[in-house]
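Take a look at the letters that make up each chain.
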Amino acid sequence: MVVRFDEEFLKDPVCSYARLRAEGPVHRAEAPDGSPVWLVTGYEDVRAGLADLRLSLDKAHSTTGYRGLSLPASLDRNLLNMDAPDHPRLRRILGRAFTPRRVEALRPAVEEIARSLADAVGGDDLLAEFCVPLPIRVICELLGVPPADVTAFREWTDAVLVPADPARARSAMGSLYAFLTSLVAAKRESPGDDLLSVVADSLTADEMLSAAFLLLLAGYENVVHVLGNGLAELLSAGLTSSTVDELVRHASPLQLAIRRFPVHDVETGGTTIPAGETVMLAVASAHRDASVFPDADVFDPSRAENPHVGFGFGPHYCLGAPLARLEVEVGLAALFSRHPGLSLAVPYAELEWRSAFRSRSLRRLPVRL
Ligand code: HEM
């Protein structure tokens, strides 16, 4: 049977994936654009797939099927579209911006952002009032976006990432492209202490530009919705803290890792996947695999063993994971210390979700302070 990510499937992905895991580890499926993919749902196969160098991230190895997001050519050369030897070279350079020392140095700025947002929260929608602005302001810090440009930068980014209106998304993409191009030129001319400046010596202007876009794509939405989905979990359980790991395991919006293309025929979970076809690794399904996580469906903030793959695994392991952890930790601490009585304004079962092929997130998060 071919799996379809239709309304029925997406209404309750946890349940849909549980059904698939019970049937077997590898499934034929159809991406929303109608193209064929292979869907891998068991923990061991997902984890092995994430680290398998025979599964390429380079679209040049795709012969048929779903290829994912298409950016303008100059932006498409980024870490999540690359294999060795380019990938480790670029990753080493960008890694300089994410050392523990550099991430820790961002803590006071993240704390200040989180505190000021927590002070201003009204409660109508915690997602829009807190979870969305926090990571975008952190990315502005990271990239060295001048304070006067932060509002415009955020509007363009939102229009591109949540394209409610295609014409507006196209025009915002043009503005963002022009803005980042001149930001990169400015950092090359007179470096500051931000990420772009740190890598300016070692990268071309195009490489810097595509790196800046990657950080927006990879570092914004995921943080918004780990915070949003995570807060909904915490509040419904009457809790005020959790390890970041359990939030990422149980509540991460990310359903599927980046699409991968076998460079030659690859056997996984007893199925041979032909070279060039598309493999989707269902991270969210792996996280509910009861052979690895006892009581996998239970949100347990003090879970001891938690080998989740919510930040990936292997060579493409999330470069921003230390920063993501910092943002979620500091964000939740600031929110609950300012509003210790925080609670859901509607029952958990009545929250509205935006469920898509690759991500599941809340539309709004109404709370009482
Ligand atoms: C809680 C929030 C986050 C989650 C759940 C998350 C998750 C992931 C995952 C699963 C991957 C691997 C994708 C794959 O192999 O298919 C990844 C890669 C990546 N992430 Fe994150 N991420 C988060 C936050 C961030 C942040 C804040 C940044 C930076 C500002 C970031 C930057 C990156 C980059 C650059 C990569 C590509 C690494 C490579 O290809 O070598 N992420 N992330």
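Residues numbered from 1 in each chain as written. Predicted model: local features only at pLDDT ≥ 70, side-chain atom pairs only at ≥ 80, totals over all residues. Heavy atoms only, no water.

Q: So what exactly am I meant to see when it comes to the overall build of the protein here?
A: Looking only at helices and strands, one finds 17 helices and 12 strands in the protein. On C-alpha atoms alone, the protein measures out to a radius of gyration of 20 Å, which is about the 21 Å that the 2.2 N^0.38 rule sets for 369 residues. By principal-axis analysis of the C-alpha atoms, the protein measures approximately 55 × 50 × 40 Å. Contacts in the protein between residues at least 24 apart in sequence constitute 69% of all its contacts with a sequence separation of at least 6. A total accessible area of about 16300 Å² is found for the protein, and carbon and sulfur atoms account for 53% of it. Considering the protein, the positive charge centre built from 37 side chains and the negative charge centre built from 48 side chains are found 2 Å apart. (Helix = DSSP H or I, 4+ residues; strand = E, 2+ residues; numbered from the N terminus. Rg over C-alpha atoms; globule rule 2.2 N^0.38 Å. Contact = heavy atoms within 4.5 Å. Areas by Shrake-Rupley, 256 points an atom, 1.4 Å probe, with all protein chains shown as cover. Lys, Arg positive; Asp, Glu negative; His and termini not counted. Charge placed at Lys NZ, Arg CZ, Asp CG, Glu CD.)

Q: Explanation requested: the environment of Tyr317 in the structure shown.
A: Tracing the backbone shows Tyr317 in the loop between α16 (283-286) and α17 (321-338). For Tyr317, a relative accessible area of 30% translates into the label partly exposed. Distance in space between the C-alpha atoms of Tyr317 and Ala51 is 8.8 Å, their sequence separation being 266 residues. Those residues in contact with Tyr317 that lie beyond four places of it in its chain are Arg91, Phe311, Gly312 and Arg325. (Buried < 20%, exposed > 50% of the residue type's maximum accessible area, 1.4 Å probe, protein only.)

Q: It is not clear to me how the site of the ligand should be interpreted in this structure. Could you clarify?
A: With respect to spatial proximity, 29 residues lie near the ligand, and among them His87, Arg91, Arg260, His316 and Cys318 are the closest. The side chain of Arg91 places a nitrogen or oxygen atom 2.7 Å from an oxygen atom of the ligand. Elements supplying a minimum of two residues to the shell around the ligand: α5 (86-95), α13 (205-219), α14 (221-236) and α17. Per-element accounting of the shell around the ligand gives the leading share, 4 residues, to α13. Within the shell around the ligand, the residues separate by chemical class into 19 nonpolar, 7 polar and 3 charged. (Near = heavy atom within 4 Å. Polar contact = N/O pair within 3.5 Å; in protein donor to acceptor, adjacent residues only side chain to side chain. Nonpolar A, V, L, I, M, F, W, Y, C, P; charged D, E, K, R; others polar.)

Q: Mind showing me how you'd approach the side chain of Arg360 here?
A: In this structure, Arg360 sits in strand β11 (residues 360-362). Here Arg360 occupies a buried position and makes no salt bridge, while the nearest side chain of opposite charge, Asp12, is found at 5.7 Å. Sequence-distant contacts of Arg360, defined by excluding residues within four places in its chain, comprise Leu10, Lys11, Pro13, Asn229, Pro253, Gln255, Trp353, Arg354 and Ser355. (Salt bridge = Lys/Arg side-chain N within 4 Å of Asp/Glu carboxyl O.)

Q: How should the sheet that holds strand β1 (residues 3-4) be read in this particular structure?
A: Whenever strands of a sheet pair, they do so through backbone hydrogen bonds, lying parallel or antiparallel. Spatially, the 4 strands line up as an open sheet ordered β1-β2-β3-β8, and their pairing is mixed. The open sheet is flanked by β1 and β8 (279-281), the only strands paired with a single partner. Where β1 meets strand β2 (residues 26-30), 2 bridges bridge the pair, whose relative direction is parallel. Residue Arg4 lies in a different strand from β2, and its bridge partner there is Glu30. Against the sheet, helix α3 (residues 43-51) engages β3 (36-40) and β8, with an angle of about 120° to β8. (Pairing = 2+ DSSP bridges. Axes fitted to C-alpha atoms, helices over the stretch in contact; angles between N-to-C directions.)

Q: Just checking my understanding: could you explain the coordination of the iron atom of the ligand for this structure?
A: Perfect tetrahedral coordination of a metal by four donors corresponds to 109.5 degrees between them, and perfect octahedral coordination by six donors corresponds to 90 or 180 degrees. Protein coordination of the iron atom of the ligand is limited to a single donor, Cys318 (SG), positioned at 2.3 Å. Of note, Cys318 is situated in the loop between α16 and α17. (Donors = N, O, S within 2.8 Å, 3.2 Å for Na, K, Ca; no water.)

Q: I'm lost on the packing of aromatic side chains in this one. Help?
A: Here a ring pair, both rings aromatic, is described through the centre-centre distance and the interplanar angle of the planes. Considering all chains together, one arrives at 9 aromatic pairs under this definition. Arranged with centres 5.2 Å apart and planes meeting at 90°, the rings of Tyr66 and Phe357 form a pair that is edge-to-face. Residue Tyr66 is located in the loop between β4 (55-56) and α4 (73-76), and its partner Phe357 is located in the loop between β10 (353-355) and β11; the two are separated by 291 residues in the primary sequence. Ring centres of Phe153 and Phe179 lie 5.7 Å apart, and the angle between their planes is 50°; this geometry places the pair in the tilted category. Within this pair, whereas Phe153 is found in helix α10 (residues 150-161), its partner Phe179 is found in helix α11 (residues 166-189), the two being separated by 26 residues in sequence. With respect to burial, Phe153 and Phe179 carry one shared label: buried. The aromatic ring of Phe313 is capped on one face by Arg47, whose charged end is 4.2 Å from the ring centroid. The ring of Trp353 has Arg360 sitting right over it, with the charged end atom 4.2 Å from the ring centre. (Phe/Tyr/Trp six-rings, centres within 6.5 Å; stacked < 30°, edge-to-face > 60°. Lys NZ or Arg CZ within 6 Å of the ring centre and 35° of its normal.)

Q: I'm lost on the pairing of β2 in this one. Help?
A: For a regular strand, side-chain orientation follows a simple rule: the groups alternate between the two sheet faces. The sheet contact formed by β2 and β3 spans 5 bridges and is antiparallel. When the bridges of β3 are listed, His27 appears paired with Leu39.

Q: Any chance you could explain the nonpolar core here in plain terms?
A: A general tendency of soluble globular proteins is for nonpolar side chains to be buried together. Of all hydrophobic cores here, the largest spans 83 residues; its most connected members are Phe98, Leu126, Phe130, Leu143, Phe153, Leu180 and Leu365. It is α17 that provides the largest number of residues to this core, a total of 10 residues. Core analysis: the second largest hydrophobic core is formed by 17 residues, Trp38, Tyr43, Leu50 and Leu55 among them. (Core = buried A, V, L, I, M, F, W, Y, C linked by side-chain atoms within 4.5 Å.)

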